[in-house]
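Given next are the chains, with one letter for each unit.
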Protein chains: 2
Amino acid sequence: MTLLSQTSRYALQATAYMAECEDGAHRATVGDIASALGVPRNYLSKILHQLAKRGILTSTRGPGGGFRLATPPEQIRLIEIIETVEPRPAARECLLGRPVCSDTTPCSAHDRWREVNDAMTRFLEETTLADLAIGARRDGRDDV
Amino acid sequence: MTLLSQTSRYALQATAYMAECEDGAHRATVGDIASALGVPRNYLSKILHQLAKRGILTSTRGPGGGFRLATPPEQIRLIEIIETVEPRPAARECLLGRPVCSDTTPCSAHDRWREVNDAMTRFLEETTLADLAIGARRDGRDDV
DNA sequence: GCTTAAAATCATATGACCATGATAATAGGA
DNA sequence: TCCTATTATCATGGTCATATGATTTTAAGC
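How each quantity is defined
Residues numbered from 1 in each chain as written. Chains lettered and ligands numbered in written order. Predicted model: local features only at pLDDT ≥ 70, side-chain atom pairs only at ≥ 80, totals over all residues. Heavy atoms only, no water. Pairing = 2+ DSSP bridges. Helix = DSSP H or I, 4+ residues; strand = E, 2+ residues; numbered from the N terminus. Near = heavy atom within 4 Å. Polar contact = N/O pair within 3.5 Å; in protein donor to acceptor, adjacent residues only side chain to side chain. Nonpolar A, V, L, I, M, F, W, Y, C, P; charged D, E, K, R; others polar.

On to the pairing of strand 3 (residues 66-69) of chain B. Residues and elements named next belong to chain B. Across 2 bridges, the pairing between strand 1 (residues 27-28) and strand 3 is antiparallel. Looking at strand 3, one finds that Arg27 is bridged to Arg68. Note: strand 2 (residues 57-60) against strand 3, 4 bridges, orientation antiparallel. Within the sheet, the bridge partner assigned to Thr58 lies in strand 3 and is Arg68. Where strand 2 folds back on strand 3, the antiparallel hairpin that results is connected by 5 residues, among which Gly62 adopts a positive phi of roughly 80°.

Below is the structure:
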C-alpha cells in the first residue's frame, strides 16, 4: 500500500533539492544532498548515478564536481525519475488480474479502479520537478 | 509503483472468488481456490488464515471443511482485506516526506498528490467484495 | 478406531530492496 | 607532481515479500 518505494522517494527528494538550489544552476554534491536530506550517502550515490546514465542529471568528478540537472526543472517529469530507479511494471488492467474481468465484461469495481490508476499515472506524467519547488504555483502565478 | 502487493492481490482474488461461488454460502477450500486462480497453495493458506484470525473468514478443518466468508460480501470492504495482509503504513502527507512541505506551506504538487492518495483510499473504503463480482452493478441495477 | 480430507504450522529458500564500508578512478589546484 | 575532492564501483549484509515442501493437528465418515 505504499505508493512509492523508498528509492523513488530518495530520487524525488534529491532532484527536488537540486531544483531548488539556485546557486549556479541546480548543482549539488552527493554529500550535500545526503546530509541535507538525511538519506544514506552511498545509496543516494547509486541512485544519482542511475539518473545520470539516463540523462536526467550530468555528473562531473573531482574537486568542484557534483551532479546537476541536465535540463530545467520544468522539463523533468516525475515519471521519468521514477521509471529510472524502479522497473515499471506494466499497468495492471484489472485489480484482480483476472482476464475475464476486462473492459468488455467489467465488474463495477473495474472502472473505478481504473480511475484511481489513471489519476496516479496522470499525476506522475503531468507533474514536473518545478512543481515540487516550495511555493511553486501550478499555473505559474507567483504573485499573490 | 505497483499500487498493491502480490499478497494483497492474492487476498482480493481469493475472497472475490469466494464471494462469487454461490454453492452453499461462499465456501471453498484452499486447494480449490489455489488451483482455480493459479496461486501458490501454501502461501494462500497463510493469507486465508490471517483473514480468518481477523474475522473476515471462518475456517473449519477436516473433511468437508474449508473457508467461508464470515459475512455477506456486501459488508466486506476491500480496505479491511488489505489492511489484514499488509501492515498499513500511515498515509504519507507529502510525497517527498519533507516536513517543510505541509498543508500550510504546500508545493503545488502537494495538493494534487493528496488527491491521488485520497482517490486510492476512497476506492478501497467504498468498494466491497460484492462490487468485485463479475457483472455486479455499483448502483444495484442488475436489469439491462 | 481407522482412514482421509482439510487447515495449521514448521523449516527453508530465493530475490529484491535497502543499505554500509572500502576501494578505485578522475580531475582540479597548489 | 602531489594532494584532495568528488564520483564510480565493489563486496558484503540485513530484512522482507514471496514463495515451496514436509509435518502436525483437527474432524468427518466408514
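Here the narrative resumes, following the displayed structure.
Taken together, 23 residues form the shell around DNA strand D, and within it His49 of chain A together with Thr7, Tyr10, Asn42 and Arg61 of chain B come nearest. What you see for DNA strand D is that sugar and phosphate hold 64% of its atoms within 4 Å of the protein. Backbone polar atom of Val30 of chain A to a phosphate oxygen of DNA strand D: 2.9 Å apart, as the coordinates give it. Between DNA strand D and Gly62 of chain A there is a distance of 3.4 Å, counted from a base oxygen to a backbone nitrogen or oxygen. Contributions of two or more residues to the surface near DNA strand D are made by helix 3 (41-54), strand 2 (57-60) and strand 3 (66-69) of chain A together with helix 1 (6-20) and helix 3 (41-54) of chain B. Across the surface near DNA strand D, the residue classes break down as 7 nonpolar, 11 polar and 5 charged.

Before going further, it helps to spend a moment on the sheet that holds strand 3 of chain A. Taken together, the 3 strands give an open sheet; going across it, the order is 1-3-2 (chain A), and neighbouring strands pair in antiparallel fashion. What marks the edges here is a single partner per strand, and that holds for strand 1 (27-28) and strand 2 of chain A.

Near DNA strand C, the surroundings consist of 23 residues, among which Thr7, Tyr10, Asn42 and Arg61 of chain A together with Arg61 of chain B are the closest. Of all DNA strand C atoms lying within 4 Å of any protein atom, the proportion belonging to sugar or phosphate reaches 65%. One of the side-chain nitrogen or oxygen atoms of Thr7 of chain A is found 2.3 Å away from a phosphate oxygen of DNA strand C. The separation between a phosphate oxygen of DNA strand C and a polar side-chain atom of Tyr10 of chain A is 2.6 Å. Counted by class, the surface near DNA strand C contains 7 nonpolar, 12 polar and 4 charged residues.

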